[in-house]
Amino acid sequence: MSREGDATIPEGGPATPDSIRQAPGYLARRLHQAYTAAWARRVDPVLTGPQYAVLVTVDTHPQLDQGSLAHTVALDRSTMADVCRRLEDRGLIERTPAPADGRRKLLGLTDDGRQALARVHGLVAELEGELMAEHAECTDRLLSELDALSRRWETVAARRAS
């Protein structure tokens, strides 16, 4: 396994300073970097994690509007628009105007979208199981704490500097 970005091992160069290794943002970036690399190798090199989240959510909540979907999967509106455009270009979702407001776009999976979701769902479960294997006894607690931490960081990020 590649340990790129982890200078805490001897062959990786000098040790990462403790002040960096103990910084939550540094650890979050390392987790994200490793997850993204594992996803591309083990799940799908084209379909991204955020795109998968959109497919799962649209499958669970058909005809959800794009703005509500952005909130549900924790993406900003411009990123959501880009993700939806890419999924629509690949024929995985369809956007239709809302009957009451043609400016709102309602999202639905296409047959290809359902097939793509079925194809990767098991691979995602396998990857996530392997990633959490060493924490199997406390996975629920750890995920709950990460969710709470995410909500806290989003709150801090939304505040203006004083």
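Parameters and conventions
Residues numbered from 1 in each chain as written. Predicted model: local features only at pLDDT ≥ 70, side-chain atom pairs only at ≥ 80, totals over all residues. Heavy atoms only, no water. Helix = DSSP H or I, 4+ residues; strand = E, 2+ residues; numbered from the N terminus. Expected span 1.5 Å × (residues − 1). Contact = heavy atoms within 4.5 Å. pLDDT = per-residue confidence, 0-100. Phe/Tyr/Trp six-rings, centres within 6.5 Å; stacked < 30°, edge-to-face > 60°. Pairing = 2+ DSSP bridges. Axes fitted to C-alpha atoms, helices over the stretch in contact; angles between N-to-C directions. Patch = residues over 30% accessible without salt bridge, like charges linked within 9 Å, V, L, I, M, F, W, Y side chains within 5 Å. Areas by Shrake-Rupley, 256 points an atom, 1.4 Å probe, with all protein chains shown as cover. Salt bridge = Lys/Arg side-chain N within 4 Å of Asp/Glu carboxyl O. Buried < 20%, exposed > 50% of the residue type's maximum accessible area, 1.4 Å probe, protein only.

(A) Helix α2 (residues 24-42), seen in detail. When the terminal C-alpha atoms of α2 are compared, their 26 Å separation across 19 residues agrees well with the 27 Å that a helix rising 1.5 Å per residue should span. Turning to α2, the residues buried within the fold contact α1 (18-21), α3 (49-60) and α6 (111-132).

(B) Quick look at the confidence of the model for the protein chain. On average, residues of the protein chain score 91 in pLDDT, and 93% of them are at 70 or above. Between the elements of the protein chain, mean pLDDT differs from a low of 92, seen in α1, to a high of 97, seen in α3.

(C) Representation of the packing of aromatic side chains. Scanning all chains against the criterion turns up two aromatic pairs. Their ring planes at 50 degrees and their centres at 6.0 Å tell us that Tyr35 and Trp39 sit as a pair that is tilted. Residue Tyr35 and its partner Trp39 are both found in helix α2; the two are separated by four residues, about one turn of the helix.

(D) Representation of the sheet that holds strand β3 (residues 105-109). One open sheet holds the three strands; their spatial order is β1-β3-β2, and the pairing between them is antiparallel. On the outer flanks of this sheet lie β1 (64-65) and β2 (93-97), each paired with one strand and no other. By the bridge criterion, five bridges tie β2 to β3 in an arrangement that is antiparallel. Paired with Ile93 across the bridge in β3 is Leu109. With respect to the sheet, helix α5 (residues 77-89) is in contact with β2 and β3, its orientation differing from that of β2 by roughly 115 degrees.

(E) Structural detail: a nonpolar patch on the surface. Where nonpolar side chains cluster on the molecular surface, the patch consists of Leu143, Leu146, Leu149 and Trp153 and spans about 350 Å² of accessible area. Structurally, the position occupied by Trp153 is in helix α7 (residues 139-158).

(F) Expanded view of the pattern of salt bridges. Taken as a whole, this structure holds 12 salt bridges when the rule is applied. Between Arg85 and Asp82 there is a salt bridge, and its shortest N-O distance comes to 2.5 Å. With Arg85 and Asp82 both in helix α5 and three residues apart, the pair spans about one turn of that helix. Between Arg151 and Asp147 there is a salt bridge, with the nearest N and O atoms lying 2.9 Å from each other. Taken together, the residues span about one helical turn, with Arg151 and Asp147 both in helix α7 at a distance of four residues. Overall, the relative accessible area of 46% leaves Arg151 in the partly exposed class. Through salt bridges that share partners, Asp82, Arg85, Arg86 and Asp89 make up one connected network.

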